[in-house]
Amino acid sequence: MRGRRIGGPMIKKVLIANRGEIALRVIRACREMGIATVAIYSDPDRTALHVRMADEAVRVGPPPPSQSYLNVEAILDAAKRTGADAVHPGYGFLSEKASFSQAVADAKLIFIGPPASAMRAMGDKLSSRSAMVAARVPVVPGLTTPVADAEAAIREAVKIGFPVALKAAGGGGGKGIRMVRDERELPAAFRTASGEAQSAFNDPRIYIERYLDHPRHIEVQIMGDAHGSVVAVGERECSIQRRHQKLVEETPSPILDPTNREAMQQCAVQAARAVGYTNAGTVEFLWSNGKFYFLEMNCRLQVEHPVTEMAYGCDLVREQLRVASGEKLSLRASMRPRGHAIEVRVNAEDPERNFIPSIGTIRNLRLPAGPNVRVDSGLYRGYEVTPYYDSLLAKIIAWGADRAQAIARLDRALCELHVGGVKTTAPLALRVLRDARFRAGDFDTHFLEGFTVAPDREREEVVAMLAAVHRHLGGSRSALAAAPQSDANNHGGPSRWAASSRGRR
Amino acid sequence: MKYFVKVREREFEVSLEDRAGEVFAMIRRLDGSGSPVEGETARERRVSYAEVDGLGQYSILDGTRSWAASIEAARGSNSEFNVGLAGENFPISIENERERAAHAAERRVATGPRTVTAAMPGIVISVLVREGDAVEKDAAILILEAMKMQNEVRTESAGIVKKLLVEPGKTVAAGHPLFIVTPQ
């Protein structure tokens, strides 16, 4: 808790220990509050937007994250050199490392996030389950201690009831998880889950939970200050995901009624209080057959925080900065959403080829605009998508008076978007928005498995036509197409097409 | 000018005509064998095409229908593009008539039975194999005498001799088919 002040003066200069759209998001909030900003960058990010938009920028190392955005020594040195008095970790990278939070505090800087003790309590699946049971927050039925071996696992699984999920105690992100239908499957699943947990988390401990069939993923935004206030700021429905990577997020959830929304928010506040949480955090729940269960707590700002901001009319990053300065929360308890907000993530992945990462240079870029559309993006023309960092390029968020209007608006925005040079998840997200089941609110975390859409026949015809015309007129400038009859200049004098196609690459 | 455009899995034939500075297009969908799909009629469409920014954005008017398209060549290719249209991405490949014919010939060479023809006029002296024989690459199939020289006519690929089209004593002109080999 060192470095955490109550009622102290406002933070004056923030170092943002991150990159991409989230670094830009934090810089924008700081700028609006008159707080100076320090960006850090690795070599390939020298020209990144977050570097250009910040007041100061410091190089922290070569491309690999381990030598740059995870390089604690270089980051703290940058803070010292620039005289920053606080560090915002963003999400990913060092944001959930209790050791980083501690190192920041030890350097007499303010860590804009929860105390290291809360991060430690929530960082381990078993200790967080125990803490939640003690705080009377419902957890998925199962163990709060690891099982010693496959035989013990079978005994416990029989008591819990099949199907069960074997989970890594030190885990997260879907690694070290196995679904087991019956006793016979268990020994092999135990071995592979334990091995995976060992290699991914350096911790082979496995525990058992009941396997929830076709759950929904719903999470609650919470915000706490150093004066003892903790409030919930609504939920986010994040069931449209693939291998625990979310694609579409929205608030309110179409499945919650006011009663269970209230109950879920209450549980999230209890969970945060149980570990002495301050600043922004998210309590994730699984929803199954009308009941919800604590899944985990993310001790940071979430990628999808903008949907909460749009529906609740708040600025969570501003609130983070205020709370970290020791001020009281400006958010009230039991806030009500206004309308509906929905977000899609634009990742540099090819959804038609099993989501393989797509790298390249973005030459052609058109970002959406218009009423009630928000674009959080670090993209610019010339931006290079490298294999070093997270594939998230941009988030497109739309607000509407109701869910249907928000979806229609986001559909419209995605039709305006074009990110050329790499493949992205945007076309897939657009198909999801147009799916009848999605529109009816009838989906769960398995929705994207095998999700396909019939090709758009009318568009294909138009595409064929414009490809031919492009080749015929624009493409004829290329040395490869020398056929004289394809040259638009044949009509006497330079045509508007020939003139307009000069200088293309 | 005719173009053949493959959009995802479907193929279209696009005929373009330049008339008085304007472009008119007829589009026909092709079936698997490359013939227009029966029962689908094509109508002529007037197309206006304008490049926007030199970075890949184009404005297309199909009659009065307006499309804000993005077109990016795949690695500088003139035959493979990615077309972005209204939030969707369409990988396409395109050939003109000449390229289509050349590619079709290449494909036949690569996969289909290959007819070997006489490179020069001459007399077939002897035939060294029988129909149905398996032959190695560069195997001698027959001997052709021309200008008092006997030349072995060899296979270009390993395969099965599908058909012998000449017999000993036969006089052939240049380009006369000699035998057919099915590559294996």
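So, how was this worked out
Residues numbered from 1 in each chain as written. Chains lettered and ligands numbered in written order. Predicted model: local features only at pLDDT ≥ 70, side-chain atom pairs only at ≥ 80, totals over all residues. Heavy atoms only, no water. Domains from an automatic or database assignment. Phe/Tyr/Trp six-rings, centres within 6.5 Å; stacked < 30°, edge-to-face > 60°. Lys NZ or Arg CZ within 6 Å of the ring centre and 35° of its normal. Salt bridge = Lys/Arg side-chain N within 4 Å of Asp/Glu carboxyl O. Helix = DSSP H or I, 4+ residues; strand = E, 2+ residues; numbered from the N terminus. Buried < 20%, exposed > 50% of the residue type's maximum accessible area, 1.4 Å probe, protein only. Core = buried A, V, L, I, M, F, W, Y, C linked by side-chain atoms within 4.5 Å. Pairing = 2+ DSSP bridges.

A.B. asks: Which parts of the structure should I look at to understand the domain arrangement of chain B?
C.D. replies: Often the size quoted for an interface is simply the accessible area lost on bringing the parts together. You can read the domains of chain B as domain 1 (2-103) and domain 2 (112-183). Computed from C-alpha coordinates alone, the two centres of domain 1 of chain B and domain 2 of chain B are separated by 44 Å.

A.B. asks: When you look at the packing of aromatic side chains in this model, what are you seeing that I'm missing?
C.D. replies: Aromatic ring pairs are described here by two measures, namely the spacing of the ring centres and the angle between the planes. Summed over all chains, the structure comprises 11 aromatic pairs over all chains. Look at A:Phe443 and A:Phe447: their rings are 6.3 Å apart centre to centre, the planes differ by 75°, and that puts the pair in the edge-to-face class. Of note, A:Arg216 hangs over the ring of A:Phe443, and the distance from its end group to the ring centre comes to 4.3 Å. The ring of B:Trp67 carries B:Arg65 above its face, with NZ or CZ at 3.9 Å from the centroid.

A.B. asks: Please explain the pattern of salt bridges as it appears in this structure.
C.D. replies: Side chains that differ in charge, positive against negative, can pair when their charged atoms come close. Under the counting rule described, the total for this entry stands at 52 salt bridges over all chains. Residues A:Glu352 and B:Arg8 are paired through a salt bridge, measuring 3.6 Å at the closest nitrogen-oxygen approach. Of this pair, A:Glu352 sits in the loop between strand 15 (349-350) and strand 16 (356-357) while B:Arg8 sits in the loop between strand 1 (2-7) and strand 2 (10-19), on two different chains. Where B:Glu11 meets B:Arg100, a salt bridge forms, and the shortest distance between an N and an O atom there is 2.9 Å. One end of the pair, B:Glu11, is in strand 2; the other, B:Arg100, is in helix 1 (residues 97-111), with 89 residues separating them in the sequence. The buried category is assigned to B:Arg100, whose relative accessible area is 18%. Each of A:Glu219, A:Arg236, A:Lys246, A:Glu249, A:Glu284, A:Glu304 and A:Arg345 takes part in one network of salt bridges that share partners.

A.B. asks: Whenever I open this one, the nonpolar core confuses me. Can you help?
C.D. replies: Within soluble globular proteins, side chains that are nonpolar tend to cluster in buried spots. All names here are of chain A. Among the nonpolar cores identified, the biggest contains 53 residues, and Leu15, Ile222, Phe285, Phe294 and Met297 are the most heavily contacted of them. Ranked by the residues each element gives to this core, the list is headed by helix 9 (residues 258-274), at six residues. The residue makeup of this core includes at least three contributed by each of domain 1 (13-112) and domain 3 (216-439).

A.B. asks: Can you walk me through the pairing of strand 10 (residues 230-242) of chain A in this structure?
C.D. replies: Each regular strand carries side chains that alternate between the two faces of the sheet. Residues and elements named next belong to chain A. Within strand 10, 12 of the 13 residues are buried, which leaves it mostly tucked inside the rest of the structure. Taken together, the six bridges between strand 9 (residues 216-224) and strand 10 define a ladder with antiparallel strand orientation. Residue pairing for strand 10: Ile222 is matched across the bridge by Ala232. The antiparallel pairing of strand 9 with strand 10 creates a hairpin that spans five residues between the two strands, and Gly228 there sits at a positive phi of about 95°. Summarising the sheet, strand 10 and strand 11 (residues 245-251) pair through four bridges and their orientation is antiparallel. The residue of strand 11 that forms the bridge with Glu237 is Glu250.

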